[in-house]
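# Examination of the molecular architecture
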Amino acid sequence: MRNLLLGGVAALVLGVLVGAPEACAASAPEAPDSVSEGASSALDEVIVTARRRSEAAQDIPVAVSVLTASRIEDAGVFTVGRLQQLAPSFQYFSSNPRNTTVNIRGLGVPFGLTSDGFEQGVGVYVDDVYYARAAAATFDFLDVAQVEVLRGPQGTLYGKNTTAGAINITTESPTFAFEAKGEVTLGDLEFRQVKAAVSGPLTETVAGRLALSSTARRGTIWNVRTQTWVNSQDNLGLRGQLLFRPRADLDILLAADYSAQDPECCAQIFVRTGATQRPLARQYAALATAQGYAVPSTNAFDRRTDLDASLNAGNIIGGASARVKWDVGTGTLTSVTAWRFWDWKPENDRDFLGLSIVRRSQNPSQQDQYQQEIRFDGSSGDFDYVAGLFAFHQRIDTQGTEEQGANASRWTLTGALAANPAVLDGLVARNTQWLTNTSAALFGQVSWKVTEALTLQPGLRINYDEKEGYYLRRVFDGQGAPVLFGQTDPVKVAQRSVYAPQQSAPRFSDWNLSYDLTASYRFTGDILGYATYAKAFKTGGINQNGLPTDAAGNPILAAGTIRPEDVNHLEAGLKTRFPGLDAIVNLALFRTEIRDYQATVTNGQLGVLRGYLANAGRVRSQGAEIDASIAPTAFFSAYVNAAWTDARYVRFVDAPCPPELSGGTTAASGQTPSSPGTPGGVSPANCDISGARLPGVSEWAFTYGAETRRPAALFGRQGEVYLGLDGSWRSDFSSNASPSAYTNVKAYGLVGLRAGFRAEEGLEVFAWVRNALDAEYYEFLAVGPGNTGLIAGQPGDPRTVGLTLRLSR
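Here we summarise the structure given alongside this text. (Residues numbered from 1 in each chain as written. Predicted model: local features only at pLDDT ≥ 70, side-chain atom pairs only at ≥ 80, totals over all residues. Heavy atoms only, no water.)

The subject of this paragraph is the state of the cysteines. This structure, assessed with the given rule, holds 2 disulfides. Shown here is the disulfide that connects Cys265 with Cys266, its sulfur atoms set 2.1 Å apart. Measuring the twist about the S-S bond at about 100°, one finds the Cys265-Cys266 disulfide to be right-handed. Per residue, the accessibility class of Cys265 equals that of Cys266, and both read buried. A sulfur-sulfur distance of 2.1 Å marks the disulfide that ties Cys657 to Cys687. (Disulfide = S-S within 2.5 Å. Buried < 20%, exposed > 50% of the residue type's maximum accessible area, 1.4 Å probe, protein only.)

Attention shifts here to a nonpolar patch on the surface. A surface patch of nonpolar side chains, about 990 Å² in accessible area, is lined by Trp326, Val328, Leu333, Ile374, Leu389, Leu442, Leu460, Ile462, Trp511, Leu513 and Tyr515. Listing elements by their share of the nonpolar patch, those giving two or more residues are strand 25 (454–476) and strand 27 (507–524). Relative to the elements of secondary structure, Trp326 occurs in strand 19 (residues 312–327). Classification of Trp326 as partly exposed rests on a relative accessible area of 36%. (Patch = residues over 30% accessible without salt bridge, like charges linked within 9 Å, V, L, I, M, F, W, Y side chains within 5 Å. Areas by Shrake-Rupley, 256 points an atom, 1.4 Å probe, with all protein chains shown as cover. Salt bridge = Lys/Arg side-chain N within 4 Å of Asp/Glu carboxyl O. Helix = DSSP H or I, 4+ residues; strand = E, 2+ residues; numbered from the N terminus.)

As summarised here, the arrangement of the 3 strands in space is 17-46-45, forming an open sheet in which the pairing is antiparallel. Two strands close off the open sheet at either side, each with one partner strand: strand 17 (269–273) and strand 45 (778–783). When strand polarity is set aside, the average angle formed by the axes of neighbouring strands in this sheet is 35°. In this sheet, strand 46 (residues 790–795) lies alongside strand 17 in antiparallel orientation, the contact comprising 4 bridges. Bridging across to strand 46, Phe270 finds its partner in Ala792. (Pairing = 2+ DSSP bridges. Axes fitted to C-alpha atoms, helices over the stretch in contact; angles between N-to-C directions.)

Extensive coverage of strand 9 (residues 165–171) is indicated by the burial of 6 of its 7 residues. The sheet contact formed by strand 6 (residues 122–126) and strand 9 spans 5 bridges and is parallel. Bridge pairing in strand 9 links Val124 to Ile167. As defined by bridge partners, strand 8 (residues 144–151) adjoins strand 9 across 7 bridges and the pair is classed as antiparallel. Paired with Leu150 across the bridge in strand 9 is Ala166.

Attention now goes to the nonpolar core. Of all hydrophobic cores here, the largest spans 48 residues; its most connected members are Leu83, Phe90, Phe141, Val147, Ile167, Ile169 and Tyr597. Elements supplying a minimum of two residues to this core: strand 4 (90–94), strand 5 (100–104), strand 6, strand 7 (129–131), strand 8, strand 9, strand 20 (331–347) and strand 36 (636–651). When neighbours within four sequence positions are excluded, Ile167 is seen to be in contact with Leu83, Phe90, Ile104, Val122, Gly123, Val124, Tyr125, Val147, Glu148 and Val149. Judged by nonpolar contacts, the second largest core, of 26 residues, contains Leu287, Phe352, Leu424 and Tyr499. (Core = buried A, V, L, I, M, F, W, Y, C linked by side-chain atoms within 4.5 Å. Contact = heavy atoms within 4.5 Å.)

Across the sheet, 5 strands lie side by side as 3-8-9-6-7; this open sheet has mixed pairing. Each edge of the open sheet carries a strand with a single partner, namely strand 3 (64–68) and strand 7. On average, each strand axis in the sheet is inclined to that of its neighbour by 20°, with strand direction left out of account.

So, on to helix 6 (residues 490–498). Within the sequence span of helix 6, burial applies to Lys492, Ala494, Gln495, Arg496 and Val498. Buried residues along helix 6 sit in contact with strand 23 (383–404) and helix 5 (408–412).

Take Glu625: it is sitting in strand 35 (residues 618–633). Within polar-contact distance, the side chain of Glu625 engages the side chain of Ser89 at 2.6 Å. Here the side chain of Glu625 touches Arg151 through a polar contact of 3.0 Å, side chain to side chain. (Polar contact = N/O pair within 3.5 Å; in protein donor to acceptor, adjacent residues only side chain to side chain.)

Quick look at unusual backbone geometry now. Residue Cys266 is bonded to the preceding Cys265 through a cis peptide linkage, with omega at 15°. Positive phi outside glycine occurs at Arg303, with the angle close to 55°. Note that Arg303 resides in the loop between helix 4 (284–290) and strand 18 (304–305). Notably, Asp596 is not glycine yet its phi reads approximately 60°, a positive angle.

For any pair of aromatic rings, geometry is given as the distance between the ring centres together with the angle between the planes. Under the criterion given, the structure shown has 23 aromatic pairs. With 5.8 Å between their ring centres and 75° between their planes, Tyr130 and Phe392 make a pair best called edge-to-face. One end of the pair, Tyr130, is in strand 7; the other, Phe392, is in strand 23, with 262 residues separating them in the sequence. Here the aromatic rings of Trp434 and Tyr470 are separated by 6.2 Å at their centres, their planes lie at 25°, and the arrangement is stacked. Placement of the pair is Trp434 in strand 24 (residues 428–449) and Tyr470 in strand 25, with a sequence separation of 36 residues. The exposure class of Trp434 is partly exposed, given its relative accessible area of 24%. Overall, Tyr470 belongs to the partly exposed group, its relative accessible area being 21%. A connected cluster of aromatic rings, assembled from ring pairs, spans Tyr125, Tyr130, Phe390 and Phe392. Arg133 extends its terminal NZ or CZ atom over the ring of Phe118, reaching a point 5.7 Å from the ring centre. When the ring centre of Trp229 is taken as origin, the NZ or CZ atom of Arg218, which lies over that ring, is 3.8 Å away. (Phe/Tyr/Trp six-rings, centres within 6.5 Å; stacked < 30°, edge-to-face > 60°. Lys NZ or Arg CZ within 6 Å of the ring centre and 35° of its normal.)

Our next topic: the pattern of salt bridges. Counting across every chain of the model gives 51 salt bridges. Between Asp128 and Arg323 there is a salt bridge, with its nearest N and O atoms 3.9 Å apart. Pair noted here: Asp128 is in the loop between strand 6 and strand 7 and Arg323 is in strand 19, with a separation of 195 residues, a long-range link. Exposure remark for Asp128: the relative accessible area of 10% places this residue in the buried category. A salt bridge links Asp397 to Arg395; its shortest N-O distance comes to 2.9 Å. Through salt bridges with shared partners, a single network forms among Glu73, Asp74, Glu183, Glu707, Arg709, Glu720, Asp726, Arg754, Arg758, Glu764 and Arg806.

This part takes up the environment of Gly478. Inspection of the secondary structure assignment puts Gly478 in the loop between strand 25 and helix 6. With sequence-adjacent residues up to four places away left out, Gly478 is seen in contact with Asp425, Gly426 and Leu427.

Structure follows, in structure tokens:
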């Protein structure tokens, strides 16, 4: 079906754009003077809406990376996750769409398993609509005009409170002149991508736009058990818009979108083993040998696995919105009303092996969210201002199933019970949970032009949040009998140590006040300096995946809620233009301190509580960023962006221990734990990781690129041939909440090359190579369950090549 759709769309796009009827051609806009955005000058004015009004990027006192549509498309960046190839301060990790982390400068959400009960620190917005879960932003970019990556707290300008930054995505709008564009890409790994959009007038006052995108690619990992490729891509997106312009000062934009993903995904495979504190007979090598098991390959870059559980990352995302913009003379009144949904249908192999330890791990979720924002921006004399009201409501329902398999008893238990597969085979936990999340805010910001050079910009936000959740876990043995507390049968006790029944209903509500002050100074027409102080809060939350328990197995209710994060942020920057060189150089220095940092705490026992949220003491992220671009001639342009980020736990004395210190006998009071990786050793109850680097963030990250062009003619069309390069490099980073020698991802660099022809009249064809040097790297590493020393990971994509054809009129 997908191949049929791709073929049909490709034929439609090529038919419309190559052989469009004369009536359409007559209404097409005139060709621009320049051949494309790709050939634009470094000093071409880039307009952004970072401050909820249209402004030149170089004129605003905000650290923002602006990625135009052409730059995104040329680099092969067609998802939010790939933005880190262009924006060095951005971090993205995803073991599957739901377990997705989006951070800026190392801050945003805790690294590890995702919980629905807390807020994102990095907001994702598409045409002013907030996407409440990072998972709901795993779509392919669809008809995108521009992406802005804003760094630092943005709560006094954006509807939802975002303490680490925002991803502001703007799509193309309907036009009152006919436009059409299409793109077809073919590559190895059976990569096929089609994009198309058409826009034009329906009446004198109504314009419409329709866009679609379809991406398919076979997987990169061969499953020798099922004889299939896994970790594939299978994405479809549709977006329709209607623009009503009954008069010149009023725009009403109705939009609806739908995205579906149905890949066989997401496999993490064997990478290595490392010694833990478990007895030697209870570590990976001995346990695998006892069951006669060996992985297909101990080299992850052979890309072979034998996972036996079903894999699926079914993801359906969509919604509708109405945006009204009314120019009332003194300013613009904007109303944004939106509804969005997200349906998640996963299947995972949580033991990472071909043994049937965890037979099923499925936690499908359904989300509905509603948003209403009313915003006014205007000017009066020396004052510009933005003020808004924001209301938001979200409901998430989840139905979980986790089931043990035939190899679970031998892998997990000890003594005589380990020899009896029936003890755990078929043991199943069924989880029911729901969450409601309601918030409201009043926010605003004023820019006071004190002099021609000096501007002061204070901002304020009053925020209210309320969360209510419910969690119920029921456990049944292989014969369907319930497993309950109070049962003294050794089999029931053993089963309860793997899946314990639980019920909780946490609640949280709170008010908080955020504020910021920015002073900017125009030293010359081409040099702007600024300094910002921000006091921000990320609202508290609730633990929605179950609670830790006491010795009697009762949930510790005090762990049901987590306190808000208290954020203090300082930033200074310089934005400079060099007209003589046709260059831009922007610099930002920052320091962010967070008290009561919301961190993920994990439990290493197989099948027990997978992870919950708690408050660490303090963290700090500080660093420097530079963005530079230059176009000294009409035939050459280049850019380089760099980020140094020193993100650390200042104080976290009761953190979960890394795998090399886990799995042994818990140290008693006054007892000294064994050294790391001592089989049969003594493990601390928790670890002090104060001073350690935060997970997921590299200390150094760079992105760079260049393009050279020469006039040429092809197919009877005038234009230019070009050769382009886009690269990125990042230093090593920790891939575990507590730093571990076993989960440190080494530094790696990626290089992309492209060469092609770009016509003056809407034709472009180019060949590309991504990961041209075929670098072997991991997107992340994960600690296997049970403290056996197993480390699994997700290898990054190998070198791929392909060809892209673009047409527009």
